[in-house]
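Spelled out from the first residue to the last, the chains are:
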Amino acid sequence: MISVEEALRIIAKTDPLGGTETVSVYDCAGRIAAEDLVSPIDQPPFPRSPLDGFAFHSEDVKGAGRERPARLKQVGYVPAGCGTEFAVGPGECVRIMTGGRIPADCDAVVGIENAAYEAACGFDGDDAVQIYKEVGHFQNYVFAGEDFAKGTVLCKVGQKIDAATAGCLAAAGFAALRARRRPRVAILATGSEIAAPGSPLQAGKIYDSNSVYLKSRLKQLGLESETALCPDDPAILAQELQKRIGSYDLVLTTGGVSVGDADYLPIILAELGAAVRFAGVRLKPGSPLMLAEKDGTQILCLSGNPYAAAATFELFARPLLAKLSGDPSLEPQETEGVLAEAFPKGSAVPRYLRAKLENGTLYVPSGHSSGQLLTMAGCNCLAELPACGGPTPAGTKLKVYRI
Ligand code: AMP
Ligand code: MG
């Protein structure tokens, strides 16, 4: 048995996965960039109007007001998407819509509410426009590159792409990004008592919740996984493991890793020639936890008890996934909390309690056994209770891992 810290040190030595893949910008949020991308264009690519209105030379509307409108002649119409370059001389204007390209000759735009066609005002000439407001040089004028200029670094190697960055990559014209490969994860829930949800429940059997928990958490963390069930049969277990070794980066097993008669995993992994990185960690729950490695596949064996599997996934599988994927944000975030109520039981090893952290206070639900999952529903963290001989009083500050 080793300490939690020692197990985490071993996990920290895991090599990141090699390999990159091309990912569409539509799907790249949450991925780790494997290339720097520099914008080849200004965004926006041209000066554009932020208003529906008229563009002109600002000098032509100097001193304009409701009483003394400026009179301009409309020489073009620039809706959004229009590429025509109009020549706009002194005393002239174009009608322009939001997002329309401001002609090179113009340096200002006035909103439609501050302008009117003379025809509509009862004057003659339907191309004559009255401007009722003075606007200065570059007023209501969005410069090319206002968002980012050509040459701006939009993402760096190792950066986790967020939605805004993905949007900027698209705005710069990139259709795809070279990203680090994501870990391929297989979940193998072992146990002869385990039945798939939805199947008829026979005597002595229970439904598999571990695969669902683990797959759900992986999904929340942005990772895909495949699930399968396997009975406590050494030959089948060996076969199922062998099938996954070499083709997945991580195999998460639950059950069969303790010292019971049907706990075959340690023996089978040894027979398959997997290198054991650690076996047994001093913590509660889930101490039989084991990590082995073969042919580039990490095999992390979790206890079958649903809460033990859940807690050890958070504490050990997440740092392992963080290393494999080169994404430190997969590690559980550490913080602190203060126990709202005394925790009655001592523990010879550090104990990880499911809890709800609210404004720095830890609320621990009643019902802590490693076989209970329902009390974990709605919890947002694990609170670390150091090894202690007796009760932990209310108000004790504990280290907390957000989940
Ligand atoms: P084990 O780790 O195999 O000794 O299993 C410990 C406990 O967890 C037993 O009561 C099992 O029935 C239960 N268990 C094992 N696997 C699962 C699973 N996939 N879903 C729900 N409970 C499980
Ligand atoms: Mg079992």
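Keep in mind that this is a model prediction, so the values were computed, not measured. (Residues numbered from 1 in each chain as written. Chains lettered and ligands numbered in written order. Predicted model: local features only at pLDDT ≥ 70, side-chain atom pairs only at ≥ 80, totals over all residues. Heavy atoms only, no water.)

J.: Before we move on, can you summarise the packing of aromatic side chains with the specific residues and values?
T.: Applying the stated rule across the entire model yields five aromatic pairs. An aromatic cluster is present here, built from Phe138, Tyr141 and Phe143 joined pairwise through their rings. The cationic tip of Arg354 hangs over the ring face of Tyr307; the distance from NZ or CZ to the ring centre is 3.6 Å. (Phe/Tyr/Trp six-rings, centres within 6.5 Å; stacked < 30°, edge-to-face > 60°. Lys NZ or Arg CZ within 6 Å of the ring centre and 35° of its normal.)

J.: Describe in detail unusual backbone geometry, supporting the description with residues and values.
T.: Going from Gln43 to Pro44, the amide bond is cis rather than trans, its omega being -5 degrees. With respect to the helices and strands, Pro44 occurs in the loop between strand S2 (37-38) and strand S3 (53-56). Pro285 follows Lys284 through a cis peptide bond whose omega is 0 degrees. Within the element layout of this structure, Pro285 appears in the loop between strand S16 (275-279) and strand S17 (290-294). Phi at Asp295 is positive, roughly 50 degrees, even though this residue is not glycine. Secondary-structure assignment places Asp295 in the loop between S17 and strand S18 (297-302). (Helix = DSSP H or I, 4+ residues; strand = E, 2+ residues; numbered from the N terminus.)

J.: Could you give an account of the packing of helix H1 (residues 4-12) against helix H7 (residues 306-325), naming the residues involved and the relevant values?
T.: The contact between H1 and H7 brings their axes to 9 Å, and the two run at 20 degrees. Here H1 is positioned roughly parallel relative to H7, judged by the angle of their axes. Judged by the sense of rotation from one axis to the other, the crossing of H1 with H7 is right-handed. Where H1 approaches H7, its residues Val4, Ala7, Leu8, Ile11 and Ala12 are matched on the opposing element by Leu315, Phe316, Pro319, Leu320 and Lys323. (Axes fitted to C-alpha atoms, helices over the stretch in contact; angles between N-to-C directions. Parallel < 35°, antiparallel > 145°, perpendicular 65-115°, else oblique. Left-handed = near helix turned anticlockwise from the far one by under 90°. Contact = heavy atoms within 4.5 Å.)

J.: So what's going on with the sheet that holds strand S8 (residues 128-131)? Which residues, and what values?
T.: Read from one edge of the open sheet, six strands run S6-S3-S5-S4-S8-S7, paired in mixed fashion. The strands lining the two open edges of the sheet, one partner per strand, are strand S6 (108-111) and strand S7 (115-117). Looking at each pair of strands side by side, their axes are set apart by 40 degrees on average, direction ignored. Pairing between S7 and S8: three bridges, direction antiparallel. From the neighbouring strand, Tyr117 faces S8, where its bridge partner is Val129. (Pairing = 2+ DSSP bridges.)

J.: I'd like a rundown of the site of ligand 1, residues and numbers included.
T.: Surveying the vicinity of ligand 1 reveals 16 residues, the closest of which are Glu193, Asp208, Ser209, Gly256 and Gly304. Ser209 places a main-chain nitrogen or oxygen 3.0 Å from a nitrogen atom of ligand 1. Contact between ligand 1 and Asn305: an oxygen atom at 3.2 Å from a main-chain N or O atom of the residue. Here ligand 1 loses 78% of its free accessible area of 490 Å² to cover by the protein chains. Split into classes, the residues belonging to the shell around ligand 1 amount to five nonpolar, nine polar and two charged. (Near = heavy atom within 4 Å. Polar contact = N/O pair within 3.5 Å; in protein donor to acceptor, adjacent residues only side chain to side chain. Areas by Shrake-Rupley, 256 points an atom, 1.4 Å probe, with all protein chains shown as cover. Nonpolar A, V, L, I, M, F, W, Y, C, P; charged D, E, K, R; others polar.)

J.: Which residues make up the sheet that holds S16, and what values do they have?
T.: With mixed pairing, the six strands of this open sheet are ordered in space as S14-S11-S15-S18-S17-S16. The sheet is open, and its two edges are formed by strand S14 (225-230) and S16, each paired on a single side. Each adjacent strand pair in this sheet contributes to an overall mean axis angle of 20 degrees, direction not counted. In this sheet, S14 lies alongside strand S11 (residues 185-190) in parallel orientation, the contact comprising six bridges. Bridge pairing in S14 places Leu188 opposite Ala228. Lying over the sheet, helix H5 (residues 234-244) contacts S11, S14, strand S15 (250-254), S17 and S18, oriented at roughly 175 degrees with respect to S11.

J.: Got a sec to walk through the packing of helix H4 (residues 210-220) against H7? Specific residues and values, please.
T.: Between H4 and H7, the least distance of the axes is 10 Å, while the angle of their chain directions is 35 degrees. Between H4 and H7 lies a crossing whose hand is right-handed. Within the contact between the two elements, H4 uses Asn210, Tyr213, Leu214, Arg217 and Leu218 and H7 uses Pro306, Ala309, Ala310, Phe313, Glu314, Arg318 and Leu321. When the residues that make up the contact of H4 with H7 are grouped by side-chain class, the tally is eight nonpolar, one polar and three charged.

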